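Descriptive structure summary
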Amino acid sequence: MNDFILSCCSTADLTEEHFNSRNISYICFHYELNGKEYEDDLGKSVPFDQFYLALQNGASAKTSQVNADEFEHYFESFLKEGKDILHVTLSSGISGVINSAIIAKETLEERYPERKIYIVDSLGASSGYGLFMNRLADLRDNGYTLEQLYDWAMQHRLNLHHWFFSTDLTFYIKGGRISKTSGTIGGLLGICPLLNMNDEGKLIPRQKIRTKKKVIRAIVDKMEEFADNGLEYNGKCYISQSACMDNARAVADLVEARFPNLNGKVEIHSIGTAIGSHTGPGTVALFFWGSTRTH
């Protein structure tokens, strides 16, 4: 039995069943849909299909991160049980949630000086962050101590690659990641931007690719370029998608055809309501282990 808790935020975008099966605890972000507040609770309050349909129909959505008081209450429930904690946060490149976690940690360390709380910035998001958590669970189950797991996480977080594309630029324009002019022209020309997360955990546009067919091929080309051992890659591969399962399935099929040594089939998850409030529908993200990410 482990004497510590492995924990993350709901924005790791795995299912509740997945988190439970791997013994990973999580705390929920929040979002508003047309002014009504919800927890980012893995699609339980508002199923993902309903959420993305609402966005397609013009609903407004905004998010709020976990605050320090929420973290304090959440962490303390484990500390009272005599458990130490390793909590991994959503990337600081897209959220300030790590600051809330650190405030709670510092407060609780005064109250529970005999306990340990480690906070790791994942520098990742969505099911890439989830794939990182899955590897940490493997290492924990293989006997890593809390300190060993923390050290491994800090040393390897930039080996988890995140590549994204979108066939609907509406929410990328709203969020300022793509200019209105570029987005309008891109939409008319059928351009699908290809983005990734850099070494600071920020989402960076890398290429403008015309047509969905070409961007699907291009995102798998990036996996071939950066994955451990190239086409001999034998790790796990996750995809997350926002109301575009056909596109996600096309990427997964191409990955499975090109990388015959994958550890199991590609797992496809939904982009959750917190991250989906910013991406909107039409986004596909591909995650795999590879070389150290750079700027």
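Described in the following lines is the structure provided in the data block. (Residues numbered from 1 in each chain as written. Predicted model: local features only at pLDDT ≥ 70, side-chain atom pairs only at ≥ 80, totals over all residues. Heavy atoms only, no water.)

1. Some remarks on the overall build of the protein
- Of the regular secondary structure elements, the protein holds 11 helices and 13 strands.
- Whereas a compact globule of 295 residues would reach a radius of gyration of roughly 19 Å, the protein reaches 19 Å, a difference of no more than 12%.
- Its C-alpha atoms give the protein principal-axis dimensions of about 60 × 50 × 30 Å.
- Counting across all 295 residues of the protein, residues that qualify as buried make up 53%.
- Across the protein, the fraction of contacts at a sequence separation of at least 24, relative to all contacts at a separation of at least 6, is 76%.
- As displayed, the protein offers around 13000 Å² of accessible surface, 48% of which is attributable to carbon and sulfur atoms. (Helix = DSSP H or I, 4+ residues; strand = E, 2+ residues; numbered from the N terminus. Rg over C-alpha atoms; globule rule 2.2 N^0.38 Å. Buried < 20%, exposed > 50% of the residue type's maximum accessible area, 1.4 Å probe, protein only. Contact = heavy atoms within 4.5 Å. Areas by Shrake-Rupley, 256 points an atom, 1.4 Å probe, with all protein chains shown as cover.)

2. A few points about the pairing of strand β8 (residues 160–166)
- Counting buried residues in β8 gives 7 out of 7 residues, a clear majority hidden from the surface.
- Where burial is concerned, the two faces of β8 agree: the one with L160, H162, F164 and S166 and the one with H161, W163 and F165 are both buried.
- With 3 bridges joining them, β8 and strand β9 (residues 191–197) adopt antiparallel strand pairing. Looking at β9, one finds that W163 is bridged to N196. (Pairing = 2+ DSSP bridges.)

3. Some remarks on helix α2 (residues 48–56)
- Those residues of α2 that sit buried are F51, Y52 and L55. Buried residues of α2, viewed axially, fall in a sector of 90°; they line one side.
- Once α2 finishes, G58 follows within two positions and takes phi at roughly 100°, a positive value. (Arc of directions from axis to C-beta.)

4. Quick word on the nonpolar core
- In terms of nonpolar packing, the biggest core is built from 91 residues, with F71, L136, M223, V251, V255 and L286 touching the most fellow members.
- The greatest single-element share of this core, amounting to 7 residues, is contributed by helix α5 (residues 126–141).
- Not counting residues up to four positions away in its chain, the partners in contact with L136 are L6, V88, L149, W152 and A153. (Core = buried A, V, L, I, M, F, W, Y, C linked by side-chain atoms within 4.5 Å.)

5. Structural notes on a positive patch on the surface
- On the surface, R210, K213, K214 and R217 cluster together into a patch of positive charge.
- At 3 residues, helix α9 (residues 212–226) tops the list of elements feeding residues into the positive patch.
- Structurally, the position occupied by R210 is in strand β10 (residues 203–210). (Patch = residues over 30% accessible without salt bridge, like charges linked within 9 Å, V, L, I, M, F, W, Y side chains within 5 Å. Salt bridge = Lys/Arg side-chain N within 4 Å of Asp/Glu carboxyl O. Lys, Arg positive; Asp, Glu negative; His and termini not counted. Charge placed at Lys NZ, Arg CZ, Asp CG, Glu CD.)

6. Some thoughts on helix α3 (residues 68–79)
- Between its first and last C-alpha, α3 extends 16 Å over 12 residues, near the 16 Å set by a 1.5 Å rise per residue.
- For α3, the secondary structure elements touched by its buried residues are β1 (4–9), β2 (25–27), β6 (84–89), α4 (97–111) and β7 (117–121).
- Where α3 begins, one side-chain oxygen reaches toward the backbone nitrogen of D69, 3.1 Å away; that side chain belongs to N67. (Expected span 1.5 Å × (residues − 1). Polar contact = N/O pair within 3.5 Å; in protein donor to acceptor, adjacent residues only side chain to side chain.)

7. With respect to the sheet that holds β9
- Taken in spatial order, the 6 strands of this open sheet run β10-β9-β8-β13-β11-β12, and their pairing is mixed. Each of the sheet's edge strands pairs with one partner strand only, and the pair in question is β10 and β12 (267–270). The mean angle between the axes of side-by-side strands here comes to 20°, regardless of whether they run parallel or antiparallel.
- Bridge count for strand β11 (residues 238–241) against strand β13 (residues 283–289) is 4 bridges, and the pairing is antiparallel. Looking at the pairing, I239 lines up with L286 of β13. (Axes fitted to C-alpha atoms, helices over the stretch in contact; angles between N-to-C directions.)

8. Comments concerning the pairing of β1
- Buried residues dominate β1, accounting for 6 of its 6 residues.
- Summarising the sheet, β1 and β6 pair through 5 bridges and their orientation is parallel. Counted as the bridge partner of F4 is D84 from β6.
- Across 3 bridges, the pairing between β1 and β2 is parallel.

9. Structural notes on the environment of P260
- Topologically, P260 is positioned in the loop between α10 (245–258) and β12.
- For the pair P260 and G280, spaced 20 residues apart in the sequence, the C-alpha separation amounts to 32 Å.

10. A few points about the packing of α5 against helix α6 (residues 146–156)
- At their nearest, the axes of α5 and α6 sit 11 Å apart, and the two run at 145° to each other. Here the hand of the crossing between α5 and α6 comes out right-handed. For the pair α5 and α6, contact is made by F132, R135, L136, L139 and R140 and by L149, W152, A153 and H156, respectively.
- A class-by-class count of the residues in the contact of α5 with α6 yields 6 nonpolar, 1 polar and 2 charged. (Left-handed = near helix turned anticlockwise from the far one by under 90°. Nonpolar A, V, L, I, M, F, W, Y, C, P; charged D, E, K, R; others polar.)

11. Things to note about empty space enclosed by the protein
- This model, assessed by the stated rule, comprises 1 cavity of 30 Å³ or more.
- Within this model, the largest cavity holds a volume of roughly 30 Å³.
- If you go around the largest cavity, the residues you meet are S122, G124, G128, Y129, F132, R157, L160 and H162.
- When residues of the lining of the largest cavity are traced back to their parent elements, those giving at least two are α5 and β8.
- Tallying contributions element by element places α5 first for the lining of the largest cavity, with 3 residues.
- Looking at the lining of the largest cavity residue by residue, the classes come out as 3 nonpolar, 4 polar and 1 charged. (1 Å grid on protein atoms, 1.4 Å probe; cavity = no way out; pocket = protein on both sides within 12 Å on 5 of 7 lines; lining within 4 Å. Points joined across faces, edges and corners; volume = space filled by probe spheres on them.)

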